[in-house]
Amino acid sequence: MEDGNNNQIPNWLTRRVEATPDNKALLSSGVWLTWRELYELVQDTAEKLSGLGICPGMRVALLLGNSQEFVVILHALGQMGATVVPLNLRLTPAELSWQINDIKAELLVYAEGQHELANAIRTEIICPILVITELNDKPKTTFSPQKYFELNTVHSIIYSSGTTGKPKGVLLTYGNHFWNAIASVLNLGHQHNDCWLAVLPLFHVGGMSILLRSVVYGIPTIVHESFDPTAVNRTIDEDGVTIISVVANILQRMLDERGDKPYPPTLRCVLAGGGPVPKPLLERCAALNIPVTQTYGMSETASQAVTLAPEDAMRKLGSAGKVLYPSELRVENEGQTVKVCEVGEILIRGPIVTPGYAGRPEETDRALQDGWLHTGDLGKLDVEGYLYIVDRRTDLIISGGENIYPAEVEAVLLAHPQIEEAGVIGLQDERWGQIVVAGVKLRPNSYLTEKEIIEWCVTRLAKYKVPKQVKFLESLPRNAAGKLVRRQLREDWNL
């Protein structure tokens, strides 16, 4: 490190190429690249971006799906010291325009398949716009990659999913990403044959973090353009996948497609996050010996913050695990640490925690107090210090003075063999303050009445937790990462 600067790390991509140039790095759209081949594409892209005037500190927004192009430009911008701002492809033109202008992007790069969306926002944004294939025709500028990364320098800005309101640009530094990668491998371990399958959107932190871990660990990533359960199961069988990151809905669809066929022993970890995994689904996986490891994290922690150790997967079914080293965790209620098994807000402190929100000093100060990130999520710790996620604080239902956690009611609904998806919210009620209601999607060729569903819940839940109304839906609102968006379900309820 230059001049003994302990706040730097060597450039992780150039170090990786020096160490294992001919090892596999990336499989996308049927094409394998070695680290040397990936680096050559990254260097070429960086030289062309440099020719466009992109330089350190500039913010470049990406409207790209899961693809080789995303991986290449992500690393190219990192080599240049520019800041990556990946955008959610499922947003409306108005939402995208707002984010691009809010973050003051200096360039927007979009994929060929996003012409319609790009044209819809072209006149609404203040920065230049470029389809990624146009880079091939751009002149190059001699470019030397950064030798070191400053740990406190912002690497990327990821907009929060907006499940509870207006999204905010979460600042993530090189140090946040690096320490998250280290924390994960210290828990899950590292094997010479590891291969991580990325089916989550790369524009979310859960997907992007896989690409960065891949470089730090020196393991290949397989990128799928979109989630298809048949393709995912085939890849696991044929391509030596050892780890896959999923959310509950993805995992359920994988199992529904596969039936009782076991997964190969090479699959050593199914990392399940994005919210509490329903216990019936965990029990189903346990019966099939599927190595599910629950995890808890968010954009503000650069992905994983708490993860169950593989050896605890069966013993602590339903737990998200313990906080990953070297971060800290505590559970509070009104500023006081709660007792064992009592519910409170989850707080996290450590090198994985964001320095704040872009252009939002007041919200940064509200979320970060004395270094502790106030997550807004509710959880409880058991006597051994294992965390159990209860729900979002903003999703908490209070009916007749009783606290009701939607995830608990959803788990009961999902245990019904004919219910495929369930979402629970609270509606305002003059008598009780709020009442519990549920939206459900039935499995194909299933038939249930509202009365039958309520009767199912009556035998499994306290009376005040039982849904008072049930709506049958063709689909439940989810964001691009597969998380249920209860805010949208609430807005749509009476439409």
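Residues numbered from 1 in each chain as written. Predicted model: local features only at pLDDT ≥ 70, side-chain atom pairs only at ≥ 80, totals over all residues. Heavy atoms only, no water.

## Regarding the overall build of the chain
Rules: Numbered from the N terminus, helices here are DSSP runs of H or I no shorter than four residues, and strands are runs of E no shorter than two. The globule rule used here is 2.2 Å times the number of residues to the 0.38 power, and the radius of gyration it is set against is calculated over C-alpha atoms. A simple rule labels every residue: compare its accessible area, found with a 1.4 Å probe on the protein chains alone, to the largest value its type can have, and call it buried under 20%, exposed over 50%, or partly exposed in between. Residues are treated as being in contact if the distance between any of their heavy atoms lies within 4.5 Å.
Scanning the chain from terminus to terminus reveals 14 helices and 29 strands. The globule rule puts the C-alpha radius of gyration for 495 residues at 23 Å, and the 23 Å found for the chain is close to it. Put simply, the chain has 495 residues, and 57% of those count as buried. Here the contacts in the chain between residues at least 6 apart in sequence split such that 66% fall between residues at least 24 apart.

## Topic: the pattern of salt bridges
What counts here: Here, a salt bridge means any side-chain nitrogen of Lys or Arg that lies within 4 Å of a carboxyl oxygen of Asp or Glu.
Inspection of every chain in the model, using the stated rule, returns 26 salt bridges. For Glu384, the salt bridge goes to Arg315, with nearest N and O atoms at 3.2 Å. With Glu384 in the loop between strand S23 (372-381) and strand S24 (387-392) and Arg315 in the loop between strand S16 (303-307) and strand S17 (322-323), this residue pair connects regions lying 69 residues apart in the sequence. For Arg315, a relative accessible area of 48% corresponds to the partly exposed category. Among the salt bridges present, the one from Glu410 reaches Arg486, with a minimum N-O distance of 2.9 Å. Residue Glu410 is located in helix H12 (residues 406-414), and its partner Arg486 is located in helix H14 (residues 486-492); the two are separated by 76 residues in the primary sequence. Three or more residues are tied together by salt bridges with common partners; here these are Asp312, Arg315, Lys316, Asp382 and Glu384.

## Quick word on the sheet that holds strand S12 (residues 221-223)
Paired through their backbone hydrogen bonds, the strands of a sheet run either parallel or antiparallel. Put simply, the rule reads: A strand pair is defined by DSSP finding two or more bridges across the two strands.
If you trace the nine strands from one edge of the open sheet to the other, you get S3-S2-S12-S11-S13-S14-S15-S16-S17, paired in mixed fashion. Sheet topology places strand S3 (31-34) and S17 at the edges, where each strand pairs with a single neighbour. With four bridges connecting them, strand S15 (residues 292-298) and S16 associate as antiparallel partners. Pairing of Tyr296 across the sheet is with Val306, part of S16.

## Let's talk about the packing of aromatic side chains
As a reminder of what qualifies: Two aromatic rings from Phe, Tyr or Trp, using only the six-membered ring of Trp, form a pair when their centres are within 6.5 Å; if the ring planes differ by under 30 degrees the pair is stacked, by over 60 it is edge-to-face, and anything between is tilted. Note on geometry: a ring has a charge over it if NZ (lysine) or CZ (arginine) is within 6 Å of the ring centre and within 35 degrees of the ring normal.
As enumerated under the stated definition, the model contains five aromatic pairs in all. Taking 5.0 Å as the distance between ring centres and 70° as the angle between the ring planes, the aromatic pair formed by Trp12 and Phe149 counts as edge-to-face. One end of the pair, Trp12, is in helix H1 (residues 12-19); the other, Phe149, is in strand S8 (residues 148-150), and 137 residues separate them in sequence. For the residue pair Trp12 and Phe149, the accessibility class agrees, reading buried in each case. Note on Phe178 and Trp179: the rings are 6.0 Å apart at their centroids and 75° apart in plane angle, and the pair reads as edge-to-face. Using a relative accessible area of 31% as the deciding quantity, one classes Trp179 as partly exposed. Within the aromatic cluster, the residues linked to one another by ring pairs are Trp12, Phe149 and Tyr174. Sitting over the face of the ring of Trp372, Arg330 holds its NZ or CZ atom 4.1 Å from the ring centroid.

## Looking at the sheet that holds strand S28 (residues 433-442)
For the record, the criterion: Angles here are taken between N-to-C directions and fall from 0 to 180 degrees, while the axes themselves are lines fitted to C-alpha atoms, restricted in helices to the stretch in contact.
Across the sheet, three strands lie side by side as S27-S28-S29; this open sheet has mixed pairing. The sheet is open, and its two edges are formed by strand S27 (419-429) and strand S29 (469-472), each paired on a single side. When strand polarity is set aside, the average angle formed by the axes of neighbouring strands in this sheet is 25°. Where S27 and S28 come together, ten bridges link them in antiparallel fashion.

## Some thoughts on helix H6 (residues 174-188)
Heads up, the condition is: Working rule for helices: expected span equals 1.5 Å times residues minus one.
Taking 1.5 Å of rise per residue, the 15 residues of H6 would be expected to cover 21 Å, and the 21 Å separating its terminal C-alpha atoms lies within 8% of that figure. Among the residues of H6, those classed as buried are Tyr174, Gly175, Asn176, His177, Phe178, Asn180, Ala181, Ala183, Ser184, Val185, Asn187 and Leu188. Gly189 sits one or two residues past H6 and shows a positive phi near 85°.

## What to know about the pairing of strand S4 (residues 59-63)
To keep it simple, the criterion reads: Handedness of a crossover is defined as follows: orient the strands so they point away from the viewer, and if the path from the first strand over the helix to the second runs clockwise, the crossover is right-handed.
Of all five residues that make up S4, four are buried, and the element is covered over most of its length. Here four bridges tie S4 to strand S5 (residues 83-86), and the two strands are oriented parallel to one another. Residue Val60 lies in a different strand from S5, and its bridge partner there is Val84. The β-α-β motif built from S4, the intervening helix H3 (residues 68-80) and the parallel element S5 has right-handed crossover chirality. With four bridges connecting them, S4 and strand S6 (residues 107-110) associate as parallel partners. In the strand pairing of S6, Leu62 is matched with Val109.

## Some details on the nonpolar core
Quick reminder of the rule: Throughout this description, the term nonpolar core refers to a set of buried Ala, Val, Leu, Ile, Met, Phe, Trp, Tyr and Cys residues connected via side-chain atoms within 4.5 Å.
With 79 residues, the main nonpolar core has Trp12, Leu49, Leu62 and Leu77 as its most contacted residues. The biggest single contributor to this core is H3, with eight residues. Sequence-distant contacts of Leu62, defined by excluding residues within four places in its chain, comprise Phe70, Ile73, Leu77, Val84, Val85, Pro86, Leu87, Leu108 and Val109. Ranked by size, the runner-up nonpolar core spans 28 residues in total, among them Ile222, Tyr263, Val270 and Leu282.

## Observations concerning the side chain of Glu410
Condition: Distance and chemistry together define a polar contact, namely a pair of N or O atoms within 3.5 Å, with one atom able to donate a hydrogen and the other to accept it when in protein, and with adjacent residues in sequence counting only for side-chain atoms on both sides.
On the basis of relative accessible area, Glu410 is assigned to the buried category, the value being 9%. Polar side-chain contacts of Glu410 include one of 2.9 Å to the side chain of Arg486.

## Section: the side chain of Glu47
One can find Glu47 in helix H2 (residues 35-51). For Glu47, a relative accessible area of 17% translates into the label buried. In contact with Glu47, not counting residues within four places along its chain, are Pro139, Lys140, Thr141 and Phe143.

## Notes on the pairing of S28
Along a regular strand, successive side chains alternate from one face of the sheet to the other. Here S28 lies mainly inside the structure; eight of its ten residues are buried. Linking two consecutive strands that pair antiparallel, namely S27 and S28, is a turn of three residues. What joins S28 to S29 is helix H13 (residues 450-458), and the crossover it makes is right-handed.

## Focus on the state of the cysteines
Rules: Working definition: a disulfide is two cysteine sulfur atoms within 2.5 Å of each other.
Scanning the model with the defined rule gives zero disulfides in all. Unpaired in this structure, Cys55 has its nearest cysteine sulfur neighbour in Cys127, at a distance of 15 Å. For Cys55, a relative accessible area of 33% translates into the label partly exposed.

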